[in-house]
Amino acid sequence: MIKRILVVGGANGIGLSIAEELASRETTEKVYIVDKAPLSEEYKHPKIESHQFDLTQEDYSFFDRFTDIDSLMITAGFGKLALFKDVPESYIVNSFNVNTIPVLRLIKKFYHKLEGKDDFYCGVMVSIAGFMSSPFFAVYGATKAALKIFIESVNVELEKGGSPNRILNVSPGSIKGTSFNAGKTDLSLTSDLARQIIWHLEAKDDLFIPLYEEVFKAVLERYHDDFRKEGVHSYEYKKHSGRVV
């Protein structure tokens, strides 16, 4: 059971929702939040200790202070629906520098805990976009596909090394109530998903796709059968979703 967790990207959205859910537990001792943005006063809690840090910085020695954690949840990330031809080169660089590289660096930083014999709960917010072609999300999907393969590969290394711990890949579709894509955080809309993520985290599962049976099982099967056709379907769906600016 999680006692002391570090939530990277926890000042808003699903990261904040996870932090708030764990802070409300009697058994939780400490919730550390690290985010580029400050934690809003309305979410302050005696068990929550918040810090500001920009994940694009070169020096990650900042994270050396979190020696007492038994859990790590990485939820930082951003994306926007846009055709590849319309995004600037800086967006490509920033996307990998926020969505992808920090995950590898943070897991490397705490890898000694992951590969140990003691329980260490670790999870990463990835995306269903990392499992298939995602028009209007080409760069974002690429940052998440890299995480998918990284997590799967490292989990095999952990298993073969005799560790009981795994990295949980949480890969949802669009989530209401988060600040992703310039939205607004609404914890009433994310609390149920946050509880589900915590459950899978503590179970040491390696993959959790919310609404898998209801939605994404069929989507992934269609993609497997004909990735070109499903890519076109995805393009049309997003184009008419009202989310493309």
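Up top is the structure.
First, a word on what this report is: a plain description of the structure on this page. Going along each chain's sequence as written, the residues are numbered from 1 onward. Local features in this predicted model are restricted to residues whose pLDDT is 70 or higher, and side-chain atom pairs enter the listing and the counts only when it is 80 or higher, whereas totals over whole chains, interfaces and linings include all residues. In computing side-chain values, all of the structure's heavy atoms are included and hydrogens and water are not.

1. Structural notes on the packing of helix α2 (residues 89–99) against helix α5 (residues 138–160)
Packed helices, taken two at a time, are described by the angle between their axes plus the distance between the axes.
No. 1: At a closest axis distance of 10 Å, the pairing of α2 and α5 adopts a crossing angle of 30°. Considered as vectors, α2 and α5 are oriented roughly parallel to each other. The handedness of the crossing between α2 and α5 comes out as right-handed. Together, Y91, I92, S95, F96 and N99 of α2 and V139, Y140, A142, T143 and L147 of α5 make up the contact between the two elements.
No. 2: For this classification, the nonpolar set comprises Ala, Val, Leu, Ile, Met, Phe, Trp, Tyr, Cys and Pro, the charged set comprises Asp, Glu, Lys and Arg, and every other residue, Gly included, is treated as polar. Broken down by class, the residue content of the contact of α2 with α5 amounts to 7 nonpolar, 3 polar and no charged. As a rule, the C-alpha atoms of each element are fitted with a line to give its axis, helices using only the stretch in contact, and angles between N-to-C directions run from 0 to 180 degrees. Numbering of helices and strands runs from the N terminus, with a helix taken as a DSSP run of H or I at least four residues long and a strand as a DSSP run of E at least two residues long. Under this scheme an angle from 65 to 115 degrees is roughly perpendicular, one under 35 degrees roughly parallel, and one over 145 degrees roughly antiparallel; angles in between are oblique. Crossings are sorted by hand: turned counterclockwise from the far helix by less than a right angle, the near helix makes the crossing left-handed, and turned clockwise it makes it right-handed. Should any heavy atoms of two residues lie within 4.5 Å, those residues are considered in contact.

2. With respect to the pairing of strand β5 (residues 121–125)
No. 1: For every residue, the accessible area obtained with a 1.4 Å probe (protein chains only) is divided by the maximum for its type, and the residue is called buried under 20%, exposed over 50%, and partly exposed between those limits. Of all 5 residues that make up β5, 5 are buried, and the element is covered over most of its length.
No. 2: Here β5 shows no split at all, with Y121, G123 and M125 on one side and C122 and V124 on the other all buried.
No. 3: Here the rule is simple: two strands pair whenever DSSP picks up at least two bridges between them. Summarising the sheet, strand β4 (residues 71–74) and β5 pair through 4 bridges and their orientation is parallel. Bridge pairing in β5 places M73 opposite G123.
No. 4: Strand direction decides the pairing type here: β5 and strand β6 (residues 167–170), joined by 4 bridges, are parallel. Paired with G123 across the two strands is L168, which belongs to β6.
No. 5: A crossover gets the label right-handed when its path from the first strand over the helix to the second runs clockwise, viewed with the strands pointing away from the viewer. Note on the crossover from β5 through α5 to β6: the handedness is right-handed.

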